[in-house]
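If you want the building blocks of each chain, they are given just below.
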Amino acid sequence: MQPKVKRLLVDFFSCSACSTLARKVFGHGIPIFMLHRMREHGDAIPPEAATSDTHLRRCLTYLVDNHYSFLSLRDLTHALAHQQRLPEKCVVFTMDDGFEDQARIAAPIFAEFNCPATLFLITGMLDQQLWPWDDKVAFAINQTTVASFNIAIGENSYQFTLNTDKDRRTARRKIQDAIKAGPFDQLTTILANLEKATQVEIPALPPPQYKPLTWEEARGYEKQGIEFAPHTISHSILSRLDRDTASREILGSWQRVREELSNPSPVFCYPTGRYCDFGSREVKLIREAGLTGAVSTIPAQVRPELANDYYRFALPRYSLPNSFSDFKLYCSWVEYVRERNLRYWPR
Ligand SMILES: [Zn+2]
């Protein structure tokens with residue numbers, strides 16, 4: 001569909017009269033949005049890799065103007081567990097990983113709109129032990145000066161040419177996807193091969209452009225209203241780990257946020273978060289740890305009528321789109337009806 005036609009349709013279907021009627025007829029869901037990196041005017045971070053402060057402000061203004069309520073993820077999971085009635089139009093915001101720019105830029109904006117937000121922490125990063133493997137891949141591809149390179153990942157070998165920004169984006173995505181799909185236990189070797197192929201030394205701890213929060217800063221943002229929650233120790237894909245290691249990643253990160261913060265949110269976030277990245281084993285471990293819910297990256301609105309003991313630990317989320325029109329669509333009843341008819345939720 002032409003972007004302009006799509007924009008006009010989204011505007012029409014999201015208008016107040018249409019939306020009120022359709023929500024009564026069809027019902028409604030709750031979008032949870034996730035943000036990754038944040039950028040302000042003048043930051044070097046590429047636009048597609050981060051949410052700008054102006055875009056976040058525009059999205060929140062739209063929600064206020066259109067009478068949406070803001071709900072914390074903690075309150076949403078509590079309401080789902082106890083089958084409590086939720087506001088007719090509400091939205092939840094989350095952020096993943098624990099980089100310094102996320103809290104520094106987003107926290108004052110969320111506070112300005114009185115909007116609760118949950119920031120999931122890779123606790124090993126805040127403990128200054130590591131940084132995420134997927135960001136290491138991005139770092140090597142962004143920094144390299146070679147014009148092309150080859151790399152073998154599992155059974156497959158890949159060749160990349162890096163003439164344009166688009167080439168770099170493609171290389172990043174393909175390598176990250178190949179690692180997710182392939183031999184996750186060979187990650188150390190793959191990253192060493194990537195260093196050789198790109199002639200970029202990947203530091204053991206995050207370089208300045210991937211600066212994590214410190215625990216001290218997190219405590220300060222907690223006082224400003226940000227809720228913090230566990231996102232594993234090392235950002236490993238849980239379904240690819242043996243049971244003891246997966247358990248350590250879940251329990252260890254939950255323990256660290258409870259040790260360092262006053263009132264962490266008891267909701268877990270799966271690294272990468274696709275259907276295949278977690279399963280009933282992880283849900284059981286999370287429930288046994290006393291956590292009350294978990295979020296995935298499966299893009300859909302939350303449907304309270306589905307909230308059984310598995311669904312509450314696999315809640316869907318949208319990546320906050322950089323397109324304002326897509327953002328309005330994800331908040332709308334149109335998206336709820338479309339997803340309901342896809343019927344792709346596992347039972
Ligand atoms: Zn993450």
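Observations concerning the pattern of salt bridges
Moving on, step 1. Tallied over the entire structure, the rule returns 17 salt bridges.
Moving on, step 2. We note a salt bridge from arginine 256 to aspartate 127, for which the minimum N-O separation is 2.7 Å. Of this pair, arginine 256 sits in helix α11 (residues 243–260) while aspartate 127 sits in the loop between α6 (123–126) and α7 (133–143); the two residues are 129 residues apart in sequence, bridging distant segments of the chain.
Moving on, step 3. A relative accessible area of 23% means that aspartate 127 is categorised as partly exposed.
Moving on, step 4. Within the structure, one salt-bridge network assembled from shared partners comprises Asp127, Glu216, Arg219, Arg256, Glu259 and Glu260.

Re the nonpolar core
Moving on, step 1. Core analysis: the biggest nonpolar cluster contains 55 residues, and Leu56, Leu60, Leu63, Phe93, Phe110 and Phe327 have the highest contact counts within it.
Moving on, step 2. It is helix α5 (residues 100–112) that contributes the most residues to this core, six residues altogether.
Moving on, step 3. Among all residues touching leucine 63, those that are not within four sequence positions of it are Tyr68, Phe70, Val91, Phe93, Phe327 and Cys331.
Moving on, step 4. Counting residues in hydrophobic clusters, the runner-up holds 31 residues, among them Phe139, Phe160, Ala171 and Tyr210.

Section: the coordination of the zinc ion
Moving on, step 1. Asp97 (OD), His231 (NE2) and His235 (NE2) make up the full set of protein donors to the zinc ion, lying at 2.1 to 2.2 Å.
Moving on, step 2. Every donor residue of the zinc ion comes from the same chain, spaced as D-x133-H-x3-H. Residue aspartate 97 is located in strand β5 (residues 90–97), and its partner histidine 231 is located in the loop between β9 (226–230) and α11; the two are separated by 134 residues in the primary sequence.
Moving on, step 3. Looking at histidine 231, the relative accessible area reads 1%, which means it is buried.

The rules behind these values
Residues numbered from 1 in each chain as written. Predicted model: local features only at pLDDT ≥ 70, side-chain atom pairs only at ≥ 80, totals over all residues. Heavy atoms only, no water. Salt bridge = Lys/Arg side-chain N within 4 Å of Asp/Glu carboxyl O. Helix = DSSP H or I, 4+ residues; strand = E, 2+ residues; numbered from the N terminus. Buried < 20%, exposed > 50% of the residue type's maximum accessible area, 1.4 Å probe, protein only. Core = buried A, V, L, I, M, F, W, Y, C linked by side-chain atoms within 4.5 Å. Contact = heavy atoms within 4.5 Å. Donors = N, O, S within 2.8 Å, 3.2 Å for Na, K, Ca; no water.

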